[in-house]
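Chains, contacts and geometry: an overview
Residues per chain are reported as follows:
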Amino acid sequence: MTSQQEQRATTLIMRGQQGDPVAYAELLTLLAATARQYARNRLGDVPWLDDIAQETLLTVHAARRTYDPKRPFAPWFYAILSSRLIDVLRKERRISSRELGTDVLPEAAMSANSIQEESDIDQGRVQAALDALPVRQREIVSALKLRDESVKEVSQRLGMSESAVKVAAHRGYRALRRLLGKREP
Amino acid sequence: MKTEDLIRDLASRAVPIEPLAAPAVRAFAWSGVAIACAAAGMLVFKTRSDVGALVHEPGFLGMAAVALSVAWAAATASLVMAVPGAERSPLLRATVVVLTGLWTVVLASAVVRAGHGFALAADWPICFIRVLAIGLVPAIVLVGMLRRAAPLRPGWTAALAAAAAMATGALAIQFICPLNDPAHALLGHLGPVLVMSWVGSIAARRVLK
C-alpha cells in the first residue's frame, strides 16, 4: 500500500465509520485489491487469493470500530491481513493434507485390498446395519447418504437443529462402522 | 460468494459507529470495575482480623503488589491485543508471564521451605471458589470489552483476560483468607489464575467469537 493509498484509505474508513456506504465500498474495494496483491507476492498465484481477500474484508468490517483515526491505517490493516493470510494458509494446508480432490484421483487408486473390502460390504449387510440403528439415526443417515438431502433440509423436516442432525449423523456413521466390522478412522 | 458481492453486502451494512477508546482508557475503566468487585468481595467474605498488621509486612505487600500488577498488566495486554496492530512489542505480555512465573516460584519455594508439602492446605477449595466468585464480574466485563474489539490472537487474549480477572480475585482473597500456609496460597489463591488462564486459552474461540 503506497502512502497515497494509505491516506485515501484513512479518509475512507473515517467516512465508513460515519456510515457512508459509498466511501465504505470504495475502501473495501481498495483493501481487497491490496490483500490479493499482498497474498500473491507471498504465495504466488494460489487458487485461494480471493478467500484471503474475503476473510480480510470480513475482519475489517467486524473490527472497524477498533480503528483509531488518530493512528496510521497501514499497521491496523496489515495486522488483520497477515493474520487472515495465516489462517487461510493453515486451513488450506489442513484440507490438502486430509483430502484428495476427485480431479487428481486416479482411477487405479483403489488397491486390490480396498476393492476386496468394498465388495465385502454388500447392500444387504448395509441395509441390515441400517435397520439396526435407532429410528431417528436411521432416518438421518438414510436422508443424508441415500437420499442426498442437505443437513438443513433434514433439520427442518425433523424439527431438529442443524448441529443436532450432524451429531446424530456422526453417531449413526460410527454405529454403522461398528456393525459392519470396520475400524474407526 | 464473489468478492464484489461481499463488498456490496458489507457496504450496505455501513452504519455510523463510535470508534473504541484507546486500550489504556478502557483498561482504566475495567480497573474501576475490578476494584469495586474486589471491595465487594472483601465486604461479603469479611477481611481477616489481622489485616491492619499485615499491611506493614513486606512479604504480604509484595504478594499483593504482584497480584495487582498481574491483574493490571494482563487486562491492559488483552485489551491491546484486541486492537489490530496496536501491540508494538510483546513486552507487556511477557511482563504478565514473568510476574505470574515469579508468583508461582515464590509460593512453590515457600512450600518447599515449609517442609510439610500440601498436608496443611486442606481448605484451599474454599478460597479457590471465592477467587472465582470475586473474579467473575471482572471477567464478564473484560470479555464484553474484548468482544466489542477484534482479537486476532484469541488464545492469548482470552488467557490474559482470565488471568486479569482471577488475579483481581487473588488480590482480594489475600485480605480475606486468614491462612498463611504457602501451599494453601499456591492452590487456593494462585491456582485459579493459572487454571482459568489455561481454560481461557482453550475456550478462546468460543468465548471471543
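Numbering of residues starts from 1 in each chain and follows the order in which that chain's sequence is written. The naming scheme follows written order: chains are lettered A onward, ligands numbered 1 onward. A pLDDT threshold of at least 70 governs which residues receive local features in this predicted model, and a stricter bar of 80 or more applies before side-chain atom pairs are shown or counted, although totals over entire chains, interfaces and linings include all residues. To obtain the side-chain values, all non-hydrogen atoms of the structure were included, while hydrogens and water were left out.

**Quick notes on the overall build of chain B**
By the criteria applied, helices consist of DSSP H or I runs no shorter than four residues and strands consist of E runs no shorter than two, each listed in order from the N terminus. Each helix and strand counted, chain B has eight helices and zero strands in total. When the elements of chain B are put in sequence order from the N terminus, they spell out α-α-α-α-α-α-α-α. Along the longest, intermediate and shortest principal axes, the C-alpha atoms of chain B span 70 × 30 × 30 Å. In what follows, a contact means two residues having at least one pair of non-hydrogen atoms within 4.5 Å. Once local pairs closer than 6 in sequence are excluded, the contacts in chain B between residues at least 24 apart make up 88%. When the accessible area of chain B is evaluated, it comes to approximately 10100 Å², of which 71% is carbon and sulfur surface. Only the protein chains shown count as covering a residue, and every accessible area follows the Shrake-Rupley method with a 1.4 Å probe.

**Digging into the pattern of salt bridges**
Residue and element names in this part refer to chain A. Think of a salt bridge as a Lys or Arg side-chain nitrogen and an Asp or Glu carboxyl oxygen that are within 4 Å of each other. One pass over the structure, following the stated rule, counts 13 salt bridges over all chains. For Asp-87, the salt bridge goes to Arg-84, with nearest N and O atoms at 2.8 Å. Residue Asp-87 and its partner Arg-84 are both found in helix H4 (residues 73-98); the two are separated by three residues, about one turn of the helix. A salt bridge links Arg-157 to Glu-149, with the nearest nitrogen and oxygen atoms 3.2 Å apart. The class of Arg-157 is partly exposed, set by a relative accessible area of 43%. One network of salt bridges, in which partners are shared, links Glu-139, Arg-147, Glu-149 and Arg-157. Summary of the burial criterion: residues with accessible area below 20% of their type's maximum are buried, those above 50% are exposed, and those between are partly exposed, where the area comes from a 1.4 Å probe applied to protein chains only.

**Description of the packing of helix H6 (residues 124-148) of chain B against helix H8 (residues 182-207) of chain B**
Residues and elements named next belong to chain B. Between H6 and H8, whose axes approach to 9 Å, the crossing angle comes to 35°. The crossing of H6 and H8 is right-handed. Touching Trp-124, Cys-127, Phe-128, Val-131, Leu-132, Val-143 and Arg-147 of H6 are His-184, Leu-187, Gly-188, His-189, Gly-191, Pro-192, Val-195, Met-196, Arg-206 and Val-207, all from H8. Looking at side-chain class alone, the contact of H6 with H8 contains eleven nonpolar, four polar and two charged residues. A fitted line through C-alpha atoms represents every axis, and for helices the fit uses only the stretch in contact; the resulting angles, taken between N-to-C directions, go from 0 to 180 degrees. Two helices crossing with the near one rotated counterclockwise from the far one by less than a right angle form a left-handed crossing, whereas a clockwise rotation gives a right-handed crossing. In this classification, the charged set is Asp, Glu, Lys and Arg, the nonpolar set is Ala, Val, Leu, Ile, Met, Phe, Trp, Tyr, Cys and Pro, and all remaining amino acids, among them Gly, are polar.

**Notes on the domain arrangement of chain A**
Throughout, the edges of the domains are those of an automatic or database domain assignment. When its domains are assigned, chain A resolves into domain 1 (3-98) and domain 2 (121-179). Taken over C-alpha atoms, the centre of domain 1 of chain A sits 41 Å from the centre of domain 2 of chain A.

**A short note on the packing of aromatic side chains**
Think of it this way: a Phe, Tyr or Trp ring, Trp meaning its six-membered ring, pairs with another when their centres are within 6.5 Å, and the plane angle makes it stacked under 30 degrees, edge-to-face over 60, tilted otherwise. Counted according to the given criterion, the structure contains eight aromatic pairs over all chains. On the numbers, 5.5 Å between centres and 65° between planes, the contact of A:Tyr67 with A:Trp76 is edge-to-face. For A:Tyr67, a relative accessible area of 1% gives the class buried. Pairing A:Phe73 with A:Trp76 gives two aromatic rings, centres 5.6 Å apart and planes at 45°, and the pair type is tilted. Here A:Trp76 and A:Phe73 lie together in helix H4, a separation of three residues that amounts to about one turn. Of the two residues, A:Phe73 and A:Trp76, neither departs from the other in class, the shared state being buried. An aromatic cluster of three or more residues is present, and its members are A:Tyr38, A:Tyr67, A:Phe73, A:Trp76, A:Phe77 and A:Tyr78. A ring is scored as having a charge over it whenever the NZ atom of a lysine or the CZ atom of an arginine sits within 6 Å of its centre and within 35 degrees of its normal. One cation-aromatic arrangement involves A:Arg42 over A:Tyr38; the distance from NZ or CZ to the ring centre is 3.8 Å. Positioned over the ring face of B:Trp156 is B:Arg93, at 4.7 Å from the centre of the ring.

**Describing the nonpolar core**
Residues B:Trp30, B:Val70, B:Trp103, B:Leu107, B:Leu142, B:Leu146 and B:Val193 are the most contacted members of the largest nonpolar core, which totals 56 residues. Elements with a minimum of two residues in this core: helix H2 (23-45), helix H4 (58-81), helix H5 (91-114), H6, helix H7 (154-176) and H8 of chain B. Here this core takes 14 residues from H7(B), the largest share from any one element. Residues contacting B:Trp30, with those up to four places away along its chain left out, are B:Ala71, B:Ala75, B:Pro138, B:Val141, B:Leu142, B:Met145, B:Ala164, B:Ala165 and B:Thr168. In terms of nonpolar packing, the next biggest core, distinct from the first, is built from 38 residues, A:Ala39, A:Trp48, A:Ala53 and A:Phe73 among them. Note on terminology: a nonpolar core comprises buried Ala, Val, Leu, Ile, Met, Phe, Trp, Tyr and Cys residues joined through side-chain atoms within 4.5 Å.

**A closer look at the interface of chain B and chain A**
Contact residues are listed per partner, giving 25 residues for chain B and 31 residues for chain A. The buried area of a pairing is the accessible area, by a 1.4 Å probe, that goes missing from both parts when the two are put together, added over both. For the pairing of chain B and chain A, the buried interface totals around 2300 Å² over both sides, and the portion due to carbon and sulfur atoms is 63%. Its largest share of buried area at the contact with chain A, chain B owes to B:Leu10, B:Ile17 and B:Leu152, together 25% of the area lost on that side. Per-element tally for the side of chain B that touches chain A: the top contributor is helix H1 (residues 3-12) of chain B, with six residues.

**Let's talk about unusual backbone geometry**
Positive phi is not limited to glycine here, since A:Asp148 has a value of about 55°. Of note in the backbone geometry, B:Lys46 takes a positive phi value of approximately 70° without being a glycine. Using a relative accessible area of 57% as the deciding quantity, one classes B:Lys46 as exposed.

**Looking at a nonpolar patch on the surface**
Residues B:Val195, B:Trp198, B:Val199 and B:Ile202 make up a contiguous nonpolar surface patch of roughly 380 Å² in combined accessible area. With respect to the helices and strands, B:Val199 occurs in helix H8. For patch detection, residues must exceed 30% relative accessible area and be free of salt bridges, and they are connected within 9 Å for like charges or within 5 Å for nonpolar side chains (Val, Leu, Ile, Met, Phe, Trp, Tyr).

**Focus: the side chain of B:His189**
Residues and elements named next belong to chain B. Counting through the fold element by element, His-189 comes out in helix H8. Here His-184 takes part through its side chain, which lies 3.4 Å from a polar atom of the side chain of His-189. The contacts of His-189, once residues within four sequence positions are left out, are Cys-127, Val-131, Ala-170, Ile-173, Cys-177 and His-184. Two N or O atoms count as a polar contact when they lie within 3.5 Å, although within protein this holds only if one can serve as hydrogen donor and the other as acceptor, and sequence-adjacent residues are included solely when both atoms are side-chain atoms.

**A short note on the side chain of B:Thr157**
Residue and element names in this part refer to chain B. If you trace the backbone, Thr-157 turns up in helix H7. The class for Thr-157 is buried, based on a relative accessible area of 0%. Leaving out residues up to four positions away in the same chain, Thr-157 has contacts with Ser-78, Met-81, Leu-146, Pro-151 and Leu-208.

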